[in-house]
Amino acid sequence: MEGLREALSGFLSDRLYQIVISGPRKKEGAFKIKIRPVMVKGEVCFQETLSKGAQVFHKNYTREEAAEAVLSYMEEFKQLTGESVEERLHVLVGKRGNMMIKRQKKKGEQAGGLPDMSHNRAKKYLLEEGRAVPFLVDLGVQTQEGKIIHARYDKFRQINRYLEFVEDILPTLYKEEKVHIIDFGCGKSYLTFALYYYLHELKGMDVHITGLDLKGDVIERCRRLGKKYGYEDLDFYQGDIKDFQQAGRVDMVVSLHACDTATDFALKKAVDWGAEVIFAVPCCQHEVNGQIENELLSPVLKYGILKERIAALVTDGIRANLLEEAGYEAQILEFIDMEHTPKNLLIRAVKKGKANNGKSGEKTGRMAEALQVRTTLQKLMEERGAMGK
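Our subject in this report is the structure included herewith. Throughout this document, residue positions are counted from 1 along each chain, in the order its sequence is written. Residue-level local features of this predicted model are given only where pLDDT is at least 70; pairs of side-chain atoms are given and counted only at 80 or more, and the full residue set underlies all totals for whole chains, interfaces and linings. Working from all heavy atoms in the structure, the side-chain values ignore hydrogens and water.

**A word on the packing of helix H1 (residues 2-11) against helix H2 (residues 63-73)**
Axis angle and axis distance: for two packed helices, these are the angle between their axes and the distance between the axes, and together they describe the pair.
Point 1. Note on geometry: axes are lines fitted to C-alpha atoms, helical ones only across the stretch in contact, with angles between N-to-C directions running from 0 to 180 degrees. Numbering goes from the N terminus for both helices and strands, where a helix is a DSSP run of H or I of at least four residues and a strand is a run of E of at least two. Two elements in contact, H1 and H2, have axes separated by 10 Å at closest approach and are oriented at 145 degrees. In this structure, the crossing between H1 and H2 has a hand that is right-handed. When H1 is examined against H2, the residues Leu-4, Arg-5, Leu-8, Ser-9 and Gly-10 are found in contact with a partner set consisting of Arg-63, Ala-67, Glu-68, Val-70 and Leu-71.
Point 2. Side-chain classes are defined by residue name, with Ala, Val, Leu, Ile, Met, Phe, Trp, Tyr, Cys and Pro counting as nonpolar, Asp, Glu, Lys and Arg as charged, and the others, Gly among them, as polar. In terms of residue class, the contact of H1 with H2 is made up of 5 nonpolar, 2 polar and 3 charged. Crossings are assigned a handedness: left-handed for a near helix turned anticlockwise from the far helix by less than a right angle, right-handed for a clockwise turn. By the convention used here, residues are in contact when the closest approach between their heavy atoms is within 4.5 Å.

This is how it looks when you write it as structure tokens:
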């Protein structure tokens, strides 16, 4: 902990934007902690925002108290990210308690202004209001002056919410070499451009992102925009998820709004590649809806809308469990509604170790059997197991 204590001594100041502590080792208790400087009665303090379940708790510390609190939390959490005006701090704690600490000085244009230390400040988005971002202007979310267009404010919030989910897993993505990301079903690529801008332009990461979609006209437009912005490591290709082949390492797979079983093929590809991080926002889960039968649940399943919702939840539950069996830590999180669908659940999976073919897999199988369903991902993972992967 002495290395972290030393890093904090220079990091905890009025030039700090925030520290985020995440990845709890235990399921109960707090799941995220944020610390930022605030001005209280003319003195610089450090405000802790602790998220526990649906509740949020606040507490103010002196500089020394804040350092001790962070050190204490890092005995219970796996990762820490921090950002100040001039520097970034990344901390990962391994299973045996070994700690990796990385400090990164910002380059010229990456350095920002002084933090807002007002005690009750308005919500600060990762992509700031009032600061024009080229792709947001061209995609009709912002004006040339950086003002959010009222009719597109939900899209602006959605993009920032997505980047908050990415921020949580940044320590997993940070590498000495280039980070490779595949975005299946990228569509108009609001979130693809946002991901590249956030990681490359704001975080200074060496990243390459490939966007894939079936629509040729959409892909061509995305290519033009990427070239216009000078995003040399952002490529777009027309093609089907099932047929896509990738040579080399893939660190993160994104699949947002891929219809029905296309999500399953994206997840299978991600597992085969050994991707460190998987993001999936499924939609149009028709497969299970056409299969699900259960006498005990028949009073509920006879209502079409209820059957559809139960089928969607069962589908994503099976997906998350299959990812855990493949060695991932999976979460199902509430996302802001996509533009053309009411589906708003995000499956976020982070690779933790070797495949675990244990009791959870047996329980998933028994549940699927009881509901008389057999999903595409189940079949794909069984084939994968038969092939010895």
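Once the structure has been displayed, the description carries forward.
**A short note on the state of the cysteines**
Point 1. When two cysteine sulfur atoms are found within 2.5 Å, that pair is recorded as a disulfide. As enumerated under the stated definition, the model contains 0 disulfides in all.
Point 2. Free of any disulfide, Cys-222 has its nearest neighbouring cysteine sulfur in Cys-186, separated by 5.4 Å.
Point 3. Looking at Cys-222, the relative accessible area reads 1%, which means it is buried.
Point 4. With no disulfide of its own, Cys-284 has Cys-283 as its nearest cysteine by sulfur position, at a separation of 3.2 Å.
Point 5. Judged by relative accessible area, which is 24%, Cys-284 ranks as partly exposed. Burial status follows relative accessibility: with a 1.4 Å probe on protein chains alone, a residue under 20% of its type maximum counts as buried, one over 50% as exposed, and anything between as partly exposed.

**Notes on the environment of Met-74**
Point 1. Note on placement: Met-74 falls in the loop between H2 and strand E5 (77-84).
Point 2. Separated by 40 residues in the primary sequence, Met-74 and Lys-34 place their C-alpha atoms 13 Å from one another.
Point 3. Non-local contacts of Met-74, meaning those with residues more than four positions away in its chain, are made with Met-1, Leu-4, Ile-21, Gln-79, Leu-80, Val-91, Val-93 and Met-99.

**Focus on helix H7 (residues 216-229)**
One full turn of an α-helix is made of 3.6 residues, so residues set three or four places apart face in the same direction.
Point 1. An expected span of 1.5 Å times one less than the residue number is assigned to each helix. If you check H7, its first and last C-alpha atoms are 20 Å apart, about what 14 residues at 1.5 Å a residue would give, namely 20 Å.
Point 2. Along H7, the residues classified as buried are Val-218, Ile-219, Cys-222, Leu-225, Gly-226 and Tyr-229. The arc that holds the buried residues of H7, viewed along the axis, is 125 degrees, so those residues lie on one side. Exposed residues pointing more than 90 degrees away from the buried face of H7 are listed as Asp-217, Lys-227 and Lys-228.
Point 3. Buried-residue contacts for H7 involve helix H3 (134-138), helix H6 (190-202), strand E9 (207-213) and strand E10 (234-238).
Point 4. Backbone geometry just after H7 places Gly-230 at a positive phi near 75 degrees. What the arc measures is the spread of directions leading from the helix axis to the C-beta atoms.

**Some remarks on a positive patch on the surface**
Point 1. On the surface, Lys-188, Lys-215, Arg-221 and Arg-224 cluster together into a positively charged patch.
Point 2. You can call Arg-221 partly exposed: its relative accessible area is 32%. Residues forming no salt bridge and having over 30% relative accessible area are the ones grouped into patches, like charges within 9 Å of each other and nonpolar side chains (Val, Leu, Ile, Met, Phe, Trp, Tyr) within 5 Å. Surface accessibility follows the Shrake-Rupley procedure with a 1.4 Å probe radius. Residue values consider only the protein chains on display as shielding. Counted as salt bridges are all cases of a side-chain nitrogen of Lys or Arg within 4 Å of a carboxyl oxygen of Asp or Glu. Only four residue types enter the tally: Lys and Arg on the positive side, Asp and Glu on the negative side, with His and both chain ends excluded. The atoms used to mark charge sites are NZ of Lys, CZ of Arg, CG of Asp and CD of Glu.

**Overview of the environment of Glu-329**
Point 1. Structurally, Glu-329 can be placed in strand E13 (residues 328-334).
Point 2. On the basis of relative accessibility, which here comes to 35%, the residue Glu-329 falls in the partly exposed class.
Point 3. Along the sequence, Glu-329 and Val-277 sit 52 residues apart, while their C-alpha atoms lie 9.6 Å from each other.
Point 4. If we ignore the near neighbours within four places in the chain, the residues touching Glu-329 are Lys-78, Arg-348, Ala-349, Val-350 and Lys-352.
Point 5. A distance of 2.9 Å separates polar atoms of two side chains, one belonging to Glu-329 and the other to Lys-78. Pairing of N or O atoms within 3.5 Å defines a polar contact, subject to two protein rules: one partner must be a possible hydrogen donor and the other a possible acceptor, and residues neighboring in sequence count only if both atoms are side-chain atoms.

**Remarks on the sheet that holds E10**
Point 1. Note on pairing: two strands pair once DSSP finds at least 2 bridges between them. The strand order across the open sheet formed by 7 strands is E10-E9-E8-E11-E12-E14-E13, and the pairing between neighbours is mixed. At either margin of the open sheet sits one strand with a lone partner, and together these are E10 and E13. The mean inter-strand angle of the sheet, taken between neighbouring strand axes irrespective of direction, is 15 degrees.
Point 2. Direction of pairing for E9 relative to E10: parallel, over a ladder of 5 bridges. If you follow Asp-213 over to E10, its bridge partner there is Gln-238.
Point 3. Docked against the sheet, H6 engages strand E8 (179-184), E9, E10 and strand E11 (252-259), running at close to 180 degrees with respect to E9.

**Considering the packing of helix H4 (residues 153-168) against H6**
Point 1. For the pair H4 and H6, the least separation of the axes is 10 Å and the interaxial angle reads 50 degrees. The angle between H4 and H6 falls in the class oblique. Crossing of H4 against H6: the hand is right-handed. Contact with H4, carried on its side by Lys-155, Gln-158, Ile-159, Tyr-162, Leu-163, Val-166 and Glu-167, involves Tyr-190, Leu-191, Ala-194, Leu-195, Tyr-198 and Leu-199 of H6 and no other residues of that element.
Point 2. Taken together, the residues of the contact of H4 with H6 break down into 10 nonpolar, 1 polar and 2 charged. When an angle is under 35 degrees it counts as roughly parallel; over 145 it counts as roughly antiparallel; between 65 and 115 it counts as roughly perpendicular; any other value is oblique.

**Side note on the nonpolar core**
Point 1. Side-chain atoms within 4.5 Å are what join buried Ala, Val, Leu, Ile, Met, Phe, Trp, Tyr and Cys residues into a set we call a nonpolar core. Residues Phe-135, Tyr-162, Phe-193 and Phe-279 are the most contacted members of the largest nonpolar core, which totals 52 residues.
Point 2. Ignoring anything within four residues of it in the chain, the contact list for Phe-193 reads Phe-135, Leu-139, Lys-188, Cys-222, Leu-225, Gly-226, Tyr-229, Tyr-231, Leu-234 and Phe-236.
Point 3. Judged by nonpolar contacts, the second largest core, of 34 residues, contains Ala-275, Ile-318, Leu-322 and Met-381.

**Re unusual backbone geometry**
Point 1. Residues other than glycine seldom take positive phi values, yet Asp-260 does so here, at roughly 45 degrees.
Point 2. As for its placement among the helices and strands, Asp-260 is situated in the loop between E11 and helix H8 (262-273).
Point 3. Unusually for a residue other than glycine, Gln-372 sits at a positive phi of about 60 degrees.
Point 4. Following the sequence through the fold, Gln-372 ends up in the loop between helix H12 (359-370) and helix H13 (376-386).

**Quick look at the pairing of E5**
Point 1. The element E5 is largely enclosed, with a buried count of 8 among its 8 residues.
Point 2. Relative to E5, strand E1 (residues 16-24) runs antiparallel, the two sharing 7 bridges. If you follow Ile-19 over to E5, its bridge partner there is Gly-82.
Point 3. Relative to strand E6 (residues 87-93), E5 is paired through 5 bridges, and the arrangement is antiparallel. Within E6, the residue paired with Gln-79 across the bridge is Leu-92.
Point 4. Connecting the antiparallel pair E5 and E6 is a turn made up of 2 residues.

The quantities given are spatial measurements derived from coordinates; they are silent on function.
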